[in-house]
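Structural features, examined
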Amino acid sequence: MILTWLYAPGDRPEVVAKALHCGADAVIVDLEDSVSVSRKEYARAATAELLTERPPVPVHVRVNAPGSPWAGADLTALARLHGLAGLRLPKVDAPEQITRVADRTGGVALYALLESALGVERAYEIARAHPCLHGLTLGEADLRADLGVSAEAGLDWPRSRVVVAARAAGLAPPAQSVFPDVRDLEALADSCVRGRSLGFLGRAAIHPRQLPVIERCYLPGPEEVTAAEEIVSAARAMSGALALPDGRFVDPAVVAAAHRTLTLSRRSS
């Protein structure tokens, strides 16, 4: 189960090489925002060379946005490489963008980044666009600009919308968008706690120092594990809904959530 995703710029192979050994569950090599126009071709070639063999952790690539001058060449160069675990498609606002990419990439796992009001409004349609789509997430910097949002609470509805759309389409819970201040780890932790309460699972990072904070915030604490163990233990002896000794009423959905908690807890053992 992936909780931490670490971004690294595709035009800096030495940074990518370090990122692969920083403890992240997966690395996202970026060909889009962090790479200047003059270095797009170099970044693509360097990333393709990296992915000719399987890296030590899963590597996803954020390609340039569908419809951009570089998107087609990105897909052609990367889609069938042995070391590629997934393609992340930025600025998706229509399900047709997913189907067109899927038709070109031969079964590669795709992830859609929703970065506009239109993309958020169409989240469920996008989530159901093609079997190759494995996940949704938000690109919050662009979304803030599109919505004119400054307060953190202004993104709560789009965040919940994406969580609900992913669940309704049978996809994994989304990971949170990056936290831009790499020095303020306390604020990062607060943001992760908030994201977890909204239904996110894990988070993307832009610096290795953020990884332990993200992992700690998304792993269940001792009290959560104990409560989950009680629910699972009680459920073994009964079918359907049940009442625990402390009066809590538990149904199959709650039992399933308890199993997920225990799965996460075993990651840290």
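Values in this document were obtained by computation on a predicted structure and should not be read as measured data.

1. As for the overall build of the protein
Regarding its fold elements, the protein presents twelve helices and nine strands. The C-alpha radius of gyration of the protein comes to 20 Å, within 12% of the 18 Å expected for a compact globule of 269 residues. Based on the C-alpha atoms only, the size of the protein along its principal axes is roughly 65 × 40 × 35 Å. Sorting the 269 residues of the protein into buried and exposed places 48% on the buried side. Nonlocal contacts in the protein, meaning residues at least 24 apart in sequence, comprise 65% of its contacts between residues at least 6 apart. In the protein, 29 positive and 32 negative side-chain charges are present, and the distance between their average locations comes to 3 Å.

2. A few points about the pattern of salt bridges
The tally for this structure, following the rule as stated, stands at 17 salt bridges. The salt bridge partner of Glu152 is Arg144, with a shortest N-O separation of 2.7 Å. For Glu152, a relative accessible area of 39% gives the class partly exposed. Overlapping salt bridges, with partners in common, bring together Asp30, Glu32, Asp33, Arg62, Lys91, Glu115 and Asp142 in one network.

3. Comments concerning the side chain of Asn64
Inspection of the secondary structure puts Asn64 in the loop between strand S3 (59–62) and helix H3 (71–78). The buried category is assigned to Asn64, whose relative accessible area is 3%. Looking at Asn64, its side chain comes within polar contact range of the main-chain oxygen of Leu31, at 3.3 Å. A polar contact is formed between the side chain of Asn64 and the side chain of Lys40, at a distance of 2.7 Å. Discounting residues that sit within four places of it in the chain, Asn64 has contacts with Leu31, Glu32, Lys40, Trp70, Ala71, Asp74 and Pro90.

4. Regarding the environment of Asp184
Along the chain, Asp184 falls in the loop between helix H8 (156–168) and helix H9 (185–198). In sequence terms Asp184 and Tyr7 are 177 residues apart; their C-alpha atoms lie 18 Å from each other. Engagement of the side chain of Asp184 in a polar contact is seen with the backbone nitrogen of Ala187, the distance being 3.0 Å.

5. Examining helix H10 (residues 211–218)
Within H10, burial applies to Leu211, Val213, Ile214, Cys217 and Tyr218. Each buried residue of H10 sits inside an arc of 165° when the element is viewed along its axis, so together they form one side. Buried residues along H10 sit in contact with strand S1 (4–9), H9, strand S7 (203–205) and helix H12 (252–267).

About the criteria used
Residues numbered from 1 in each chain as written. Predicted model: local features only at pLDDT ≥ 70, side-chain atom pairs only at ≥ 80, totals over all residues. Heavy atoms only, no water. Helix = DSSP H or I, 4+ residues; strand = E, 2+ residues; numbered from the N terminus. Rg over C-alpha atoms; globule rule 2.2 N^0.38 Å. Buried < 20%, exposed > 50% of the residue type's maximum accessible area, 1.4 Å probe, protein only. Contact = heavy atoms within 4.5 Å. Lys, Arg positive; Asp, Glu negative; His and termini not counted. Charge placed at Lys NZ, Arg CZ, Asp CG, Glu CD. Salt bridge = Lys/Arg side-chain N within 4 Å of Asp/Glu carboxyl O. Polar contact = N/O pair within 3.5 Å; in protein donor to acceptor, adjacent residues only side chain to side chain. Arc of directions from axis to C-beta.

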